[in-house]
Amino acid sequence: MLQQICHEDNVLHDANAVDAPTKRLNQDPNEDASAYDLFSECNNNSLFPMTELDPYYLQYHQKPIRHAHFERRSLDVLFPGISEPFNSCAAFRTGLRDAIRYDMISDANADDKENNNGRQPNIYGYMTDQQRVDELQRNQPLISYWKYDDDNNDSADSSNIIRMTHTTKVLRNYLGRIAPTGDEFIESIGSLCQSVQKPHHLTDVAGVSAFHNKKQGGDHAWHQDYGHLQQQNWHYQNNRHVFFGFPLEDNYRGIGVFPHLIKLKQEQWTKPKVGKPLGQPIFYKGKIPEKYIVRPQYEPGKELIVFRDIDVLHSSPDFQHRISIMRFG
């Protein structure tokens, strides 16, 4: 059944995906790179000003990182048998991504008035159906949630309501009766975040490439996503980011799918200046030496990459070879 479906519709259609030159995709992944002493650089180098950091906290709370800075996971660990068709069938990958995006913008999670209780924003609720269709066709980043706000009562395991209906349909179309529901699929990936509380963010990062990085002054835009949350929310940074890659070609092995990373010597905790809005990433200016840049490889059986926000700086690749990447946080 899978081969027949793939033969019928084996087309990639993301106009924003960057088909990077082969010589750039053959760069050294450098996964054994040494850790970077960002704290010292921030103190000694004007390219890394302390304006976004809390120097007093960092001075007395420098904690060396002794565990692995990142790890890759297989979809098969969550649902055996998904990895092979996901990597070998372009129609499955694009269909799955399109369905997830449709469910995201329909936003059954955030828009469910009985369950959001005013705590998760109704992100796309103001849009008409046509506006949502237009937004999807623009193929720009989308933001939603991978889990109900009230996760004790309404989750994929405890609720009979299927929210990710289009995702469920695609999974069952390609995998048959053994397929998980869309809710089970998305929440299982999200569970790798080990989140301690809301929000359970899900972002489809589409169309963010070297153009964005150049705005930050180089080939990369090194940043933390939750680096500057208020003190009462610092435990967010013990959560893990999970990135789910959608490669541009079948059975792809190489760089350009996962974000690029800088391993840090110490946990990097940050605080905002007074009045700085929460939820905005912290960007670090300047050029980090090439020897510290890690370009993690994507390969079948390693569709997910997981890391803590305080252990690394990350950036979209300088050259991309992906349809998009989804971030769970």
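All values reported here derive from a predicted model rather than from experimental measurement.

Conventions we followed
- Residues numbered from 1 in each chain as written.
- Predicted model: local features only at pLDDT ≥ 70, side-chain atom pairs only at ≥ 80, totals over all residues.
- Heavy atoms only, no water.
- Helix = DSSP H or I, 4+ residues; strand = E, 2+ residues; numbered from the N terminus.
- Buried < 20%, exposed > 50% of the residue type's maximum accessible area, 1.4 Å probe, protein only.
- Salt bridge = Lys/Arg side-chain N within 4 Å of Asp/Glu carboxyl O.
- Core = buried A, V, L, I, M, F, W, Y, C linked by side-chain atoms within 4.5 Å.
- Contact = heavy atoms within 4.5 Å.
- Pairing = 2+ DSSP bridges.

Draft legend 1. Focus on unusual backbone geometry. Within the chain, asparagine 30 stands out as a residue other than glycine whose phi angle is a positive 55 degrees. Looking at where asparagine 30 falls in the secondary structure, it is placed in the loop between helix H2 (22-25) and helix H3 (38-44). Even without being a glycine, asparagine 251 presents a positive backbone phi close to 50 degrees. Among the secondary structure elements, asparagine 251 is positioned in the loop between strand S5 (240-247) and strand S6 (260-263). When its relative accessible area of 46% is taken as the criterion, asparagine 251 is described as partly exposed.

Draft legend 2. Local environment of the pattern of salt bridges. Throughout the structure, instances matching the rule amount to 15 salt bridges. Between aspartate 183 and arginine 163 there is a salt bridge; the shortest N-O distance is 3.3 Å. Separated by 20 residues along the polypeptide, aspartate 183 in helix H11 (residues 182-190) and arginine 163 in the loop between strand S2 (142-145) and helix H10 (165-175) bring together distant segments of the chain. Comparing aspartate 183 with arginine 163, the two get one shared label, buried. The shortest N-O distance in the salt bridge between arginine 253 and glutamate 299 comes to 3.3 Å. Within this pair, whereas arginine 253 is found in the loop between S5 and S6, its partner glutamate 299 is found in the loop between strand S8 (293-294) and strand S9 (304-308), the two being separated by 46 residues in sequence. By relative accessible area, which is 22% here, glutamate 299 ends up partly exposed.

Draft legend 3. Structural view of the nonpolar core. In terms of nonpolar packing, the biggest core is built from 52 residues, with Phe86, Phe92, Leu96, Phe185, Phe244 and Phe328 touching the most fellow members. Counting residues per element, the ones that place at least two in this core are helix H7 (90-106), H10, H11, strand S3 (201-205), S5, S9 and strand S11 (322-328). The residues touching phenylalanine 92, leaving out its near neighbours within four places in the chain, are Pro85, Phe86, Val170, Leu171, Tyr174 and Leu175. Listed in part, the 12 residues of the second largest apolar core include Tyr36, Trp222, Leu264 and Tyr292.

Draft legend 4. Representation of the pairing of strand S10 (residues 312-315) within the structure. Here S10 shows no split at all, with Val312 and His314 on one side and Leu313 and Ser315 on the other all buried. Pairing of S6 with S10 involves 4 bridges; the strand directions are antiparallel. By the bridge assignment, isoleucine 262 is partnered in S10 with leucine 313.

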